[in-house]
Amino acid sequence: AILAARAGRTEITMADLEEASEKVQMGPEKKSKVVPEDEKKMVAYHEVGHGIVGYIIGGGDRVHKITMIPRGQAGGYTLSLPAEQKLVYSKKYFMDEIAIFFGGRAAEEIIFGKDNITSGASNDIQVATGMAQQMVTKLGMSEKFGPILLDGTREGDMFQSKYYSEETGKEIDDEVRRLLNEAYQKAIDILNTHRNKLEAVTKVLLEKETIMGPEFEAIMEDENI
């Protein structure tokens, strides 16, 4: 309501609600922030990488917005919305989500090379690693260990409840690493296969700074690209 009133309007639009939601989650937009051109290019490819991996994998979530306008601590972001609410999640879902989180870093590597990857993927890596650890230690989604609880620690616990030895801990680390590498390679393969789409969407994003879902999907569905 405050946003609408300040704009000289009394009605609240979906754009108002969306802006308020994103502001709460990520902080205010920083349109006035001066960003070097090479950094803009890196951010654009990174965010489009997330979007394309998500689009190709599918699974119900749809890209709602891709933007390279800084907000909060993020240089840009890709916003996807679930088509439906889930109560339970499959192993495939988690592996696909990890691949999507790695889409940004994978795009950086493909376009700029391994020596020029950036810190922009730090939060993506943190979330992806947490998912893989949960799969192995709490959800019984590891072929190596099977349906066994290895870590009973809950959020807020002062002490960890680990049910494994130091030797098993090393095996857990190896299994988490295997899952992460598998998902990362999937992101790399998707973006290499759809390199033309990566270039096409990024070109539009660099021109407009923000692409909404329908425009993104139109580019992805264009058989001439």
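Here the structure is shown first, and the text comes after it.
Now for a quick tour of the structure. Note that this is a predicted model, so its numbers are computed, not measured.

1. Description of helix α9 (residues 213–221)
Listed as buried for α9 are G213, F216, E217, I219 and M220. The arc that holds every buried residue of α9, seen down its axis, measures 160°, which confines them to one face. Exposed residues on α9 whose side chains face more than 90 degrees from its buried face are P214 and E221. Where α9 is buried, its residues contact α3 (37–57), β1 (62–67), α8 (195–208) and β3 (210–212).

2. Topic: the environment of E209
Counting through the fold element by element, E209 comes out in the loop between α8 and β3. When its relative accessible area of 36% is taken as the criterion, E209 is described as partly exposed.

3. Here's the deal with the nonpolar core
Judged by nonpolar contacts, the single largest core of 46 residues is most densely connected at I52, V53, I98, F102 and F216. Elements with a contribution of two residues or more to this core: α3, β1, α4 (91–101), α5 (103–112), α6 (122–137), α7 (166–193), α8 and α9. The dominant element in this core, judged by the number of residues it contributes, is α7, at 10 residues. With residues up to four places along the chain from it excluded, the contact list for V53 reads A99, I100, G103, A187, I190 and L191.

4. Details of the packing of α3 against α8
At a minimum axis separation of 9 Å, α3 and α8 run at an interaxial angle of 125°. Between α3 and α8, the angle is such that the two are oblique. With respect to the hand of their crossing, α3 and α8 are arranged in right-handed fashion. Residues K40, K41, A44, Y45, V48, G49 and I52 of α3 pack against K197, L198, E199, V201, T202, L205 and L206 of α8. Taken together, the residues of the contact of α3 with α8 sort by class into 8 nonpolar, 2 polar and 4 charged.

Calculation notes
Residues numbered from 1 in each chain as written. Predicted model: local features only at pLDDT ≥ 70, side-chain atom pairs only at ≥ 80, totals over all residues. Heavy atoms only, no water. Buried < 20%, exposed > 50% of the residue type's maximum accessible area, 1.4 Å probe, protein only. Helix = DSSP H or I, 4+ residues; strand = E, 2+ residues; numbered from the N terminus. Arc of directions from axis to C-beta. Contact = heavy atoms within 4.5 Å. Core = buried A, V, L, I, M, F, W, Y, C linked by side-chain atoms within 4.5 Å. Axes fitted to C-alpha atoms, helices over the stretch in contact; angles between N-to-C directions. Parallel < 35°, antiparallel > 145°, perpendicular 65-115°, else oblique. Left-handed = near helix turned anticlockwise from the far one by under 90°. Nonpolar A, V, L, I, M, F, W, Y, C, P; charged D, E, K, R; others polar.

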